[in-house]
Amino acid sequence: MDFVTLMTCCAVAEGCLAAALANSGSTEDRSGWRTWALSLGLRSGAFFLYVLPAFVPGWRLSETTQFAAVQLIFLSAAVSMRGTAEFLGIPLPRQRDFVPLVAMVVAYTFAFTVFDSPSWRIVLVSGGLAYGLGWSTQKIAARYGQGSARERWFVVGALSLWIGVLLARAANVLMLPTTATATAISVASLQPWFFIGYLMSVVTTVVGLIGLRGSEIMHRLELARTQAERRANTDELTGLMSRIAVLGHAERMFTALSASNDSMAVVMVDCDHFKTINDRHGHFFGDLALKKLGSTMRRVLPVETLAGRFGGEEFIVLLPPHLVASAAEVAEALRLAVRAIH
């Protein structure tokens, strides 16, 4: 397979992956998706610029086109760094993070214009892209709370493969004889083994990123479900169980104990003259009184009991079989504790 065909395949593949990544995820939650897609798209455009002279007869700007293509590749490395930061929800890369990349751009410009060294141009391009991917790899590996460990280390492995292929490409070029022509160096830098390894690493990275975001979304959904259940089962004001939750527990306890002929005890709590607090001092102080009552009940009642707000200033306490005999003592201890509230 010749150089032009390989470059064209790379351009088409990265362009398709960019389109797929840009349309992944929901419309509301695409942090990093489109930025990473832009990085892939920039490289796709760079590869097309590389082969443009082969498809346009008489093209006179091949050197200029090649230089522009390389700048797009360097830019794609910087964009991928930003996309990774957006994806992980971490601070964006700082200026010092881009210093090595800028240094490689400057060195490439000298290698292109002053020294005219095709081998070092390829080495610098590969190094620049490898640096951007290495920065992303380190951030993803260190972001322990992002997605599951399996998807995260899959992405790290794919990025490491990508970096390895780029470094192998640079080493392959450096080992060529110094008498090799620019054409020979270009062909050597994109042999079939590099093409296959490059595309494999790009595809696995994109698939890994989608899997990583998918696991994160599932984690968020599970967390949202847990929080919704907690809100539904907890009285927001007192911190005790809600009416629906405590009555549900009471029904289940009664059904289970009926089968075993065991008993349970139920203590009903009603705050006397609570309406007077609201009438004299307002509902704000009434809410404070309920909060204080809830914290007192949680502190005084045995751990095995279930307490919930039945409605308004009424509460219900469920005692398991082994506390039935001491139900009166539990109720009295609660009464005295509430009476002592100031």
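The rules we used
- Residues numbered from 1 in each chain as written.
- Predicted model: local features only at pLDDT ≥ 70, side-chain atom pairs only at ≥ 80, totals over all residues.
- Heavy atoms only, no water.
- Pairing = 2+ DSSP bridges.
- Helix = DSSP H or I, 4+ residues; strand = E, 2+ residues; numbered from the N terminus.
- Axes fitted to C-alpha atoms, helices over the stretch in contact; angles between N-to-C directions.
- Contact = heavy atoms within 4.5 Å.
- Expected span 1.5 Å × (residues − 1).
- Buried < 20%, exposed > 50% of the residue type's maximum accessible area, 1.4 Å probe, protein only.
- Core = buried A, V, L, I, M, F, W, Y, C linked by side-chain atoms within 4.5 Å.
- Bend = angle between axes of the 7 residues up to and from the residue.
- Phe/Tyr/Trp six-rings, centres within 6.5 Å; stacked < 30°, edge-to-face > 60°.
- Lys NZ or Arg CZ within 6 Å of the ring centre and 35° of its normal.
- Parallel < 35°, antiparallel > 145°, perpendicular 65-115°, else oblique.
- Left-handed = near helix turned anticlockwise from the far one by under 90°.
- Nonpolar A, V, L, I, M, F, W, Y, C, P; charged D, E, K, R; others polar.
- Salt bridge = Lys/Arg side-chain N within 4 Å of Asp/Glu carboxyl O.

## Remarks on the sheet that holds strand S3 (residues 314-319)
Overall, antiparallel pairing links the three strands, which are arranged S1-S3-S2 in an open sheet. Unpaired on one side and paired on the other, strand S1 (265-270) and strand S2 (306-311) mark the two borders of the sheet. Going across the sheet, the axis of each strand differs from the next one's by a mean of 25 degrees, ignoring polarity. In the sheet, S2 pairs with S3 via five bridges, with the strands oriented antiparallel. Within S3, the position partnered with Arg 309 by the bridge is Phe 315. Contacts from helix H11 (residues 283-300) reach S2 and S3 within the one sheet, and its direction differs from that of S3 by about 10 degrees.

## Structural notes on helix H5 (residues 118-142)
For H5, built from 25 residues, the straight-helix expectation of 36 Å at 1.5 Å per residue is met to within 8% by its first-to-last C-alpha distance of 36 Å. Burial analysis of H5 places 19 of its 25 residues in the buried class, the great majority of the element.

## Here we look at the nonpolar core
One finds Leu 40, Leu 133, Trp 162, Leu 166 and Tyr 198 to be the most contacted residues of the largest nonpolar core, which totals 47 residues. Sorting the residues of this core by element identifies helix H1 (3-22), helix H2 (33-55), helix H3 (62-88), helix H4 (95-113), H5, helix H6 (149-174) and helix H8 (192-233) as the ones contributing at least two each. When residues in this core are grouped by element, the largest group, ten residues, is from H3. Counting residues in hydrophobic clusters, the runner-up holds 18 residues, among them Ala 265, Met 297, Leu 323 and Leu 334.

## Focus on H2
Its 23 residues give H2 an end-to-end C-alpha distance of 32 Å, which sits within 8% of 33 Å, the value for a rise of 1.5 Å per residue. The largest bend along H2 reaches roughly 30 degrees and is located at Leu 49, with the proline Pro 53 sitting one to four residues downstream. Here H2 has its buried residues at Trp 33, Thr 35, Trp 36, Ala 37, Ser 39, Leu 40, Leu 42, Arg 43, Ser 44, Ala 46, Phe 47 and Val 51.

## Quick notes on the packing of aromatic side chains
Here the structure, examined in full by the defined rule, presents three aromatic pairs. For the ring pair Phe 74 and Tyr 108, a centre distance of 6.1 Å and an interplane angle of 70 degrees mean the geometry is edge-to-face. Here Phe 74 is found in helix H3, whereas its partner Tyr 108 is found in helix H4, with 34 residues between them in sequence. Of the two residues, Phe 74 and Tyr 108, neither departs from the other in class, the shared state being buried. One aromatic cluster is present, formed by Phe 67, Phe 74 and Tyr 108 through successive ring pairs. The ring of Phe 310 has Arg 243 lying over it, and the distance from NZ or CZ to the ring centre is 4.4 Å.

## Points about the packing of H11 against helix H12 (residues 327-339)
Running from N to C, H11 and H12 point in directions that differ by 140 degrees, and their axes come no closer than 10 Å. As summarised for this structure, H11 and H12 are arranged oblique, according to the angle between their axes. Classified by chirality, the crossing of H12 by H11 is right-handed. Between H11, through Leu 293, Thr 296, Met 297 and Val 300, and H12, the contact on the second element is made entirely by Ala 333, Leu 334, Ala 337 and Val 338. Across the contact of H11 with H12, the residue classes break down as seven nonpolar, one polar and no charged.

## Details of the pattern of salt bridges
Within this structure, the stated rule accounts for four salt bridges. Between Glu 14 and Arg 43 there is a salt bridge, and its shortest N-O distance comes to 3.3 Å. Taken together, the residues Glu 14 in helix H1 and Arg 43 in helix H2 connect sequence positions 29 residues apart. Residue Glu 14 is classed as buried on the basis of its relative accessible area, which comes to 0%. For the salt bridge of Arg 309 with Asp 235, the shortest nitrogen-to-oxygen distance reads 3.4 Å. You can see Arg 309 sitting in strand S2 and its partner Asp 235 sitting in the loop between H8 and helix H9 (243-260), a full 74 residues away along the chain. Side by side, Arg 309 and Asp 235 carry an identical accessibility label, which is buried.

## Remarks on the packing of H4 against H5
One can describe the packing of H4 onto H5 by two numbers: an axis separation of 9 Å at closest approach and a directional angle of 170 degrees. On the basis of the axis angle, H4 is roughly antiparallel to H5. In contact with Asp 97, Pro 100, Leu 101, Met 104, Ala 107, Tyr 108, Ala 111 and Phe 112 of H4, H5 contributes Arg 121, Leu 124, Val 125, Gly 127, Gly 128, Tyr 131 and Trp 135.

## What to know about the pairing of S1
Burial of the side chains of S1 is restricted to one face: Ala 265, Val 267 and Val 269 are buried, whereas none of Val 266, Met 268 and Asp 270 on the reverse face is. Bridge count between S1 and S3: six bridges; the pairing is antiparallel. Note on S3: the bridge partner recorded for Val 267 is Val 317.

Note that every value here comes from positions in space, so none of it alone points to a role or purpose.
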